[in-house]
Amino acid sequence: MPQTILIVDDEAKLREMIRVYLTQEGFRIVEASNGRDALFVARHEKPDLIILDLMMPEMSGLDFMRAYVKETNAPVIMLTAKVDDHDKIVGLELGADDYVTKPFNVRELIARVRAVLRRAQKTIEHEVLRVADIMLNRTTVTVTVAGNLVELTKSEFELLAAFMSSPGQVFSRLDLLEHTSSDAFEGYERTIDVHIRNLRAKIEPDPKHPIYVETVYGMGYRFAAQRPATTPA
């Protein structure tokens, strides 16, 4: 599926020019002429990136950002004709990822679009961990196993995140304690063992014969580096 870009600008000719170039680059384009319409379009189209003019009627680009950044992590490239840096600074503080000052070279805008999308994808890949049938999302604090949502405690989630960040690495119990919010160093071995047992009960097909969280006798635990998925991707 092509990535969707929302162009928000009150200049129809400018929107058309950007749309033509980005369409040629393989992107799907949706448009809005002001911030208020952009809110409606963005909520329905869920764009992967937003190109946003700051000076618009009805609702400015900055007001759009104040409303919409609470609902999404979609990156934003601001368009501004102002020489004054104040709006640029405010926009960046509100969460914009980049800006282009009018007039601009469309090829430069396309290069910035691709760069911002690459950075956003790297962020997503870092926040979402996938190993075999298990997917862990740091942003939403959710875990699924073979597509089924699994409820974990905070400590169990932190342990699983540590394991999945470094599959195959052996963690001692003390190492694992440092990855949890617990500060109970006294009896930490039993604390970690209990967390591991509870985690296995929730993610393993057979907790008595674990295939994900493996015991390395005399050393600690590790997450299986490779495990064939049981369901199609």
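If you walk through the whole model with that rule in mind, you get 4 aromatic pairs. Members of the aromatic cluster, joined through ring pairs, are Phe 163, Phe 171, Tyr 212 and Phe 223.

Take unusual backbone geometry next. Looking along the chain, the bond that leaves Lys 102 and enters Pro 103 is cis, with omega of -10 degrees. Turning to its location among the elements, Pro 103 is positioned in the loop between strand S5 (98–101) and helix H5 (106–127). Of note, the phi angle at Ala 132 is positive, near 55 degrees, even though the residue is not glycine. Here Ala 132 shows up in the loop between strand S6 (128–131) and strand S7 (134–137).

This next bit is on the pattern of salt bridges. Throughout the structure, instances matching the rule amount to 15 salt bridges. A salt bridge links Asp 98 to Arg 112; its shortest N-O distance comes to 2.9 Å. In this pair, Asp 98 sits in strand S5 while Arg 112 sits in helix H5, placing the two residues 14 residues apart along the sequence. Accessibility expressed as a relative area gives 15% for Asp 98, which makes it buried. Taking the shortest distance from any N to any O, the salt bridge between Asp 193 and Arg 173 comes out at 2.8 Å. Taken together, the residues Asp 193 in helix H8 (residues 188–203) and Arg 173 in helix H7 (residues 173–178) connect sequence positions 20 residues apart.

Okay, helix H6 (residues 154–165) next. Every α-helical turn comprises 3.6 residues, leaving residues that sit three or four positions apart pointing alike. Spanning 12 residues, H6 covers 16 Å between terminal C-alpha atoms, matching the ideal 16 Å at 1.5 Å per step. Taken across its 12 residues, H6 has 10 buried, putting it largely inside the fold. Looking only at H6, the buried set comprises Ser 155, Glu 156, Phe 157, Glu 158, Leu 159, Leu 160, Ala 161, Ala 162, Phe 163 and Met 164.

Before going further, it helps to examine the pairing of strand S2 (residues 28–32). In this structure, strand S1 (residues 4–8) lies alongside S2, joined through 5 bridges in parallel fashion. Looking at S2, one finds that Val 8 is bridged to Ala 32. Regarding topology, helix H1 (residues 12–24) serves as the crossover connection from S1 to the parallel S2, and that connection is right-handed.

Further remarks concern the packing of helix H3 (residues 61–68) against helix H4 (residues 86–94). Relative orientation of the contacting elements H3 and H4 amounts to 10 degrees, with a least axis distance of 10 Å. What the angle tells us is that H3 and H4 run roughly parallel. Residues Leu 62, Met 65 and Arg 66 of H3 pack against Asp 87, Val 90, Gly 91 and Leu 94 of H4.

In the predicted model, the protein carries a mean pLDDT of 85, and the fraction of residues at 70 or more is 89%. Mean pLDDT values over the elements of the protein span from 80, in H5, up to 96, in S1. Counting contacts from residues 228–233, a segment whose pLDDT is below 50, to residues more than four positions away or on other chains yields 6 contacts.

All right, on to the environment of Gln 169 then. Within the secondary structure, Gln 169 sits in the loop between H6 and strand S10 (170–171). With a relative accessible area of 38%, Gln 169 lands in the partly exposed category. In sequence terms Gln 169 and Phe 223 are 54 residues apart; their C-alpha atoms lie 7.1 Å from each other. Setting aside chain neighbours within four positions, we find Gln 169 in contact with Tyr 221, Arg 222 and Phe 223.

Rules used throughout
Residues numbered from 1 in each chain as written. Predicted model: local features only at pLDDT ≥ 70, side-chain atom pairs only at ≥ 80, totals over all residues. Heavy atoms only, no water. Phe/Tyr/Trp six-rings, centres within 6.5 Å; stacked < 30°, edge-to-face > 60°. Helix = DSSP H or I, 4+ residues; strand = E, 2+ residues; numbered from the N terminus. Salt bridge = Lys/Arg side-chain N within 4 Å of Asp/Glu carboxyl O. Buried < 20%, exposed > 50% of the residue type's maximum accessible area, 1.4 Å probe, protein only. Expected span 1.5 Å × (residues − 1). Pairing = 2+ DSSP bridges. Right-handed = clockwise from strand over helix to strand, strands pointing away. Axes fitted to C-alpha atoms, helices over the stretch in contact; angles between N-to-C directions. Parallel < 35°, antiparallel > 145°, perpendicular 65-115°, else oblique. Contact = heavy atoms within 4.5 Å. pLDDT = per-residue confidence, 0-100.

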